[in-house]
Amino acid sequence: MKGKRIFRITIENESKIEKVASWRLTPVKCALLGVGGFLSMMFLAGCVIRLTPLRSFLPGYLKEKERSVTEERILRIDSISQALNTNAEFLANLRTVLDVDRVPSDSINAMQPINRLTSDSLLPTSKEEEQFIAKMQERERYNISVIAPLASEGMIFHPVSQESIFTEESKTSLDARIVLAEGAPVESVADGIVVAVYASERDGGGHTVVIQHGKGFLTAYSRLTLPMVSKGDKVDGGQTISIQQSGLGIKQQEVILRMWHNATPLIPYDYIGPAIKPVRDSSGYEAPRGR
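What comes next is a walk through the structure. Everything numeric in this text was worked out from a predicted model, so none of it was measured. (Residues numbered from 1 in each chain as written. Predicted model: local features only at pLDDT ≥ 70, side-chain atom pairs only at ≥ 80, totals over all residues. Heavy atoms only, no water.)

### A few points about the pattern of salt bridges
- The final tally for this structure, using the stated rule, is 5 salt bridges.
- Here E168 makes a salt bridge to K171, at a shortest N to O gap of 3.2 Å.
- For E168, a relative accessible area of 59% puts it in the exposed group.
- The buried category is assigned to K171, whose relative accessible area is 11%.
- Salt-bridge contacts for R223 lead to E254; the nearest nitrogen and oxygen are separated by 2.6 Å. Of this pair, R223 sits in strand β8 (residues 217–224) while E254 sits in strand β11 (residues 254–261), placing them 31 residues apart in sequence. Both residues of the pair, R223 and E254, count as buried. (Salt bridge = Lys/Arg side-chain N within 4 Å of Asp/Glu carboxyl O. Buried < 20%, exposed > 50% of the residue type's maximum accessible area, 1.4 Å probe, protein only. Helix = DSSP H or I, 4+ residues; strand = E, 2+ residues; numbered from the N terminus.)

Below, the structure is given as structure tokens:
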């Protein structure tokens with residue numbers, strides 16, 4: 001019959017040939033000592049990471065507030081990059097049109113003389129330049145006021161909630177404030193794909209859900225208390241994306257909706273307002289809900 005293994009650690013002072021300390025260790029004590037040492041090292045490493053700037057060098061570490069700001073800036077950079085590409089193509093076409101040495105591609109104006117543009121910036125603006133500037137300004141106004149509504153004609157927009165009400169001051173604002181009943185669901189205004197879900201302190205707390213829709217439309221829902229979707233999820237118009245809970249320290253009954261079309265900010269009420277069905281009261285009068 002084999003006996004228990006017992007280990008002993010002894011410290012001696014060789015100069016005086018005397019025993020300084022001695023520890024008697026069993027296998028159980030060795031295991032406990034190892035676990036204790038491991039936990040101590042983990043605790044020490046956690047304190048160093050938490051209390052020193054070393055944590056910023058860890059892969060994947062980012063504060064919740066910094067993460068939300070980063071994702072929001074990425075969305076803005078993507079929109080700006082699309083606008084820059086569009087402007088670059090326009091300038092390339094403009095340079096081609098203004099190139100006096102190019103071979104005309106049309107036969108109607110081929111024989112007409114070409115007026116060379118002067119490079120003297122001190123001269124007054126010519127009539128042709130004024131007409132060109134006026135044309136471009138009119139085109140920009142047309143892009144904002146006409147293109148987005150035309151693109152939306154082929155889409156079906158839903159209200160944020162069946163009992164949603166737009167606040168009066170936000171009906172003409174880019175930040176639409178929508179009041180909901182307590183515990184009401186927040187629904188997607190159209191079919192799309194969830195591109196971001198993050199906690200945000202920008203609008204007073206809660207979470208933000210960003211959804212990419214068809215035809216260049218993008219919507220962002222802020223002050224959500226309980227998101228029900230994740231990044232990459234496909235959603236249908238009218239599908240619940242969040243439930244507004246109480247007791248979380250934010251305005252649970254108010255949701256902020258923002259909307260873009262090809263990076264151009266839109267007034268959400270102009271598109272979501274017509275989707276709100278009228279409410280019939282007891283006298284038979286129909287009042288539009290949310291108006």
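Moving on from the coordinates now.
### As for the pairing of β11
- Of all 8 residues in β11, 7 are buried; the element is thus mostly enclosed.
- Pairing between strand β4 (residues 176–179) and β11: 4 bridges, direction antiparallel. In the sheet register, I178 faces β11, and the bridge partner there is V255.
- Here β8 pairs with β11 via 6 bridges, running antiparallel. By the bridge assignment, L218 is partnered in β11 with W260.
- The turn joining β11 and strand β12 (residues 264–266), which pair antiparallel and follow one another in sequence, is formed by 2 residues; a positive phi near 50° is taken by N262. (Pairing = 2+ DSSP bridges.)

### Details of the side chain of H261
- Here H261 lies in strand β11.
- Judged by its relative accessible area of 5%, H261 falls in the buried class.
- A polar side-chain atom of H261 sits 3.0 Å from the main-chain carbonyl oxygen of K215. (Polar contact = N/O pair within 3.5 Å; in protein donor to acceptor, adjacent residues only side chain to side chain.)

### A word on a nonpolar patch on the surface
- A cluster of nonpolar residues, I9, I11, V20 and W23, forms a patch on the protein surface that exposes about 380 Å² of accessible area.
- Among the structural elements, V20 can be located in strand β2 (residues 18–25).
- Given the relative accessible area of 55%, V20 is considered exposed. (Patch = residues over 30% accessible without salt bridge, like charges linked within 9 Å, V, L, I, M, F, W, Y side chains within 5 Å. Areas by Shrake-Rupley, 256 points an atom, 1.4 Å probe, with all protein chains shown as cover.)

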